[in-house]
2 protein chains.
Amino acid sequence: METRALTARTSTESTRDIPEATVARLPVYLRALTTLSEAGTGTCSSEELASAAGVNSAKLRKDLSYLGSYGTRGVGYDVDYLRYQIAREIGVTQDWPVVIVGIGNLGHALANYSGFRSRGFRVVALLDADPERHEEVVAGVDVRPFDDLEQIVKDHGVAIGVIATPALAAQDVADRMVASGISSILNFAPAVLSVPAGVDVRKVDLSIELQILAYHEQRKTHGATA
Amino acid sequence: METRALTARTSTESTRDIPEATVARLPVYLRALTTLSEAGTGTCSSEELASAAGVNSAKLRKDLSYLGSYGTRGVGYDVDYLRYQIAREIGVTQDWPVVIVGIGNLGHALANYSGFRSRGFRVVALLDADPERHEEVVAGVDVRPFDDLEQIVKDHGVAIGVIATPALAAQDVADRMVASGISSILNFAPAVLSVPAGVDVRKVDLSIELQILAYHEQRKTHGATA
DNA sequence: TTCGGTTTGTTCTCCCGTTCACAAACTCCT
DNA sequence: AGGAGTTTGTGAACGGGAGAACAAACCGAA
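Residues numbered from 1 in each chain as written. Chains lettered and ligands numbered in written order. Predicted model: local features only at pLDDT ≥ 70, side-chain atom pairs only at ≥ 80, totals over all residues.

Quick look at the interface of chain B and chain A
In step 1: Of the residues lining the interface, 58 residues belong to chain B; the matching set on chain A comes to 56 residues.
In step 2: Mapped onto the side of chain B that touches chain A, the elements with two or more residues apiece are α1 (20–38), α2 (46–53), α5 (105–112), α6 (114–117), β9 (184–187), β10 (200–203) and α9 (206–221) of chain B.
In step 3: Counting residues per element, the side of chain B that touches chain A draws most heavily on α9 of chain B, which supplies 15 residues.
In step 4: A class-by-class count of the residues in the side of chain B that touches chain A yields 30 nonpolar, 19 polar and nine charged. (Contact = placed C-beta atoms within 7 Å. Helix = DSSP H or I, 4+ residues; strand = E, 2+ residues; numbered from the N terminus. Nonpolar A, V, L, I, M, F, W, Y, C, P; charged D, E, K, R; others polar.)

Spelled out as structure tokens, the structure:
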């Protein structure tokens with residue numbers, strides 16, 4: 001959402017501007033394929049993969065068709081081959097350096113989260129404005145002052161930043177990130193960020209998800225306004 | 001998504017089956033209104049509120065229209081009044097007891113997250129299968145054995161469960177939750193859960209969000225397949 | 001080579017969500 | 001009281017995604 005239509009590509013192939021909804025599902029397929037691969041499965045049908053990914057098989061096939069024709073009719077998909085193609089399409093065959101700002105409870109959890117490392121992301125720095133945290137070492141990376149941001153971004157070529165600060169600090173952090181050259185932000189702070197065009201922001205809000213569940217739960221238990 | 005059309009209501013008013021996309025935005029409006037209220041704002045226009053929530057004002061008005069006519073033409077919305085109406089609609093005027101299963105890094109962060117408590121959710125229990133963790137006390141709540149789940153759900157009338165375990169354990173935990181009577185699950189584990197109809201599952205996946213950012217980032221920097 | 005069985009890739013239709021645009025309704029000023 | 005200015009609530013057009021259904025393509029056996 002909020003992703004403006006990128007200017008048309010002039011590339012010979014690939015990049016047939018994949019729908020946003022499809023892009024959001026590709027990582028799910030990627031994980032399902034990894035699981036299948038680790039289980040020793042060499043080939044799978046769209047039905048099997050769809051089931052493993054929790055989606056409709058027709059939707060899966062349509063999604064994959066945006067990438068190209070990587071399946072074989074009458075047979076299915078080669079698990080490892082398709083996995084590589086999706087990984088390449090997403091861009092996780094290369095390593096993405098990432099900085100995390102705000103090393104509170106959530107920042108700790110993120111820094112320790114193994115799912116980043118195993119999926120093409122490398123946490124190159126942990127930053128926090130609080131000097132008391134600068135002594136800490138979290139997940140093998142030492143916490144540094146927030147003011148080091150510009151230097152670190154420059155040194156490591158960081159393009160992706162994660163905000164795990166309180167809501168009040170989030171906009172300031174985002175501004176500094178953008179000024180440093182970061183162009184993609186994953187925001188865990190419960191705040192609406194405003195950033196210039198060309199910068200992508202994705203928001204993860206824990207309490208919002210719970211509230212959505214609560215809404216449906218309310219309807220389930222006492223039917224109407226009892 | 002995956003929410004089947006609930007059976008038609010027979011209530012006199014309200015409950016005009018609010019679209020799912022709108023439901024997902026109501027918590028955002030709620031937070032924006034809270035911020036406005038704390039800033040001392042008594043009244044606001046749809047334009048102001050939309051800006052604070054980061055959405056289009058027409059969309060905001062249409063969303064609010066599903067709840068009823070709580071605004072005044074030519075004037076705007078009474079902040080506190082609208083805030084209460086939305087909170088009531090979502091169901092967060094009451095307190096929702098919640099259990100968190102899997103007290104690793106992420107579980108710790110979730111247990112300590114103040115946004116739950118302040119938004120109508122009360123963590124009544126922290127559960128973990130690992131006996132070594134049962135000594136711990138996190139955020140004022142002591143960690144208990146996973147086998148206590150049924151009893152706790154019964155005692156507190158828990159309807160919402162949070163899964164913060166490794167992927168391999170997630171399906172088992174979900175099954176036990178459903179068997180215990182939980183009907184809404186917030187899943188942080190990188191796994192696809194299968195649950196019976198009538199149970200809602202929402203998934204939050206940290207690495208998937210990063211991968212989506214990586215995809216767009218890849219398109220930004222080197223335009224096509226360089 | 002030909003035929004039956006299987007599975008992909010794609011077309012077509014339907015539905016949901018977004019956005020525009022405007023009438024209805026309210027306030028304030030004269 | 002009346003009119004100008006403002007803002008809500010909603011009807012209607014538009015765009016995109018979901019799912020069904022089918023033709024094209026592939027494998028293997030006879």
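Okay, back to it.
Thoughts on the sheet that holds strand β1 (residues 43–44) of chain B
Residue and element names in this part refer to chain B.
In step 1: Spatially, the three strands line up as an open sheet ordered β1-β3-β2, and their pairing is antiparallel. Sheet topology places β1 and β2 (71–72) at the edges, where each strand pairs with a single neighbour.
In step 2: In this structure, β2 lies alongside strand β3 (residues 76–78), joined through two bridges in antiparallel fashion. Residue pairing across strands places G71 opposite Y77, the latter belonging to β3. (Pairing = 2+ DSSP bridges.)

Quick word on the domain arrangement of chain A
In step 1: We note that the domain assignment places domain 1 (20–90) and domain 2 (96–208) within chain A.
In step 2: Taken over C-alpha atoms, the centre of domain 1 of chain A sits 31 Å from the centre of domain 2 of chain A. (Domains from an automatic or database assignment.)

So, the protein's contact with DNA strand D
In step 1: The immediate surroundings of DNA strand D are formed by 27 residues, with P19 and G74 of chain A together with S65, G71 and G74 of chain B found nearest.
In step 2: When residues of the surface near DNA strand D are assigned to their parent elements, the largest contribution, five residues, is made by helix α3 (residues 57–65) of chain B.
In step 3: For the surface near DNA strand D, the residue count by class is nine nonpolar, 10 polar and eight charged. (Near = placed C-beta within 6 Å.)

Some remarks on the relation of the copies chain B and chain A
In step 1: In the superposition of chain B on chain A (RMSD 0.1 Å, axial shift 0.0 Å), the rotation amounts to 180°. What we have between these two chains is a two-fold relation.
In step 2: A shared binding surface is used by both copies, with 97% of the interface residues of chain B retained as interface residues in chain A. (Least-squares fit on C-alpha atoms with pLDDT ≥ 70 in both.)

With respect to the packing of α1 of chain B against helix α4 (residues 79–90) of chain B
Residue and element names in this part refer to chain B.
In step 1: Where α1 contacts α4, the two axes come as close as 9 Å, and the packing angle between them is 150°. Put simply, α1 runs roughly antiparallel to α4. Seen along the crossing, α1 lies across α4 with a hand that is left-handed. Packed against α1, whose contacting residues are L26, P27, Y29, L30, L33, T34, L36 and S37, the element α4 presents V79, D80, L82, R83, I86, A87, E89 and I90 at the interface.
In step 2: Across the contact of α1 with α4, the residue classes tally to 11 nonpolar, two polar and three charged. (Axes fitted to C-alpha atoms, helices over the stretch in contact; angles between N-to-C directions. Parallel < 35°, antiparallel > 145°, perpendicular 65-115°, else oblique. Left-handed = near helix turned anticlockwise from the far one by under 90°.)

Some remarks on the pairing of strand β9 (residues 184–187) of chain A
In summary, the side chains of a regular strand alternate between the two faces of the sheet.
Residue and element names in this part refer to chain A.
In step 1: Residues S184 and L186 point to one face of β9 and I185 and N187 to the other, with burial holding for every one of them.
In step 2: The pairing of strand β8 (residues 160–163) with β9 spans four bridges and is parallel. Within β9, the residue paired with I160 across the bridge is S184.
In step 3: At this point the chain moves from β8, through helix α8 (residues 167–180), to the parallel β9, and the crossover so formed is right-handed.
In step 4: Pairing of β9 with strand β10 (residues 200–203) involves four bridges; the strand directions are parallel. What sits directly across from I185, in β10, is V201. (Buried ≥ 20, exposed ≤ 12 C-beta atoms within 10 Å, placed from the backbone. Right-handed = clockwise from strand over helix to strand, strands pointing away.)

Comments concerning the sheet that holds strand β8 (residues 160–163) of chain B
All names here are of chain B.
In step 1: Strand order in the open sheet formed by seven strands is β6-β7-β5-β4-β8-β9-β10, and the pairing between neighbours is mixed. Either end of the sheet is taken by a strand with one partner, and the two such strands are β6 (137–138) and β10.
In step 2: Relative to β8, strand β4 (residues 96–101) is paired through four bridges, and the arrangement is parallel. Its bridge partner lying in β8, V98 is registered against I160.
In step 3: Helix α7 (residues 149–156) rests against β4 and β5 (121–128) of the sheet, and its axis sits at about 165° to β5.

Considering helix α5 (residues 105–112) of chain A
In step 1: Most of α5 of chain A sits inside the fold, with seven of its eight residues counted as buried.
In step 2: Of all the residues in α5 of chain A, the buried ones are N105, L106, G107, H108, A109, L110 and A111 of chain A.

Topic: the protein's contact with DNA strand C
In step 1: Taken together, 27 residues lie around DNA strand C, and S46, G71 and G74 of chain A together with P19 and G74 of chain B are the ones closest in.
In step 2: Listed by contribution, the elements that provide at least two residues to the surface near DNA strand C are α2 (46–53), α3 (57–65) and β3 (76–78) of chain A together with α1 and α3 of chain B.

Some thoughts on the nonpolar core
In step 1: Counting residues in hydrophobic clusters, the biggest one holds 132 residues, and the most contacted among them are V98, I100 and I163 of chain A together with V98, I100 and I163 of chain B.
In step 2: Here I163 of chain B is in contact with V101, G102, A170, V173, A174, I185, N187, F188 and A189 of chain B, once residues within four sequence places are set aside. (Core = buried A, V, L, I, M, F, W, Y, C linked by C-beta atoms within 7 Å.)

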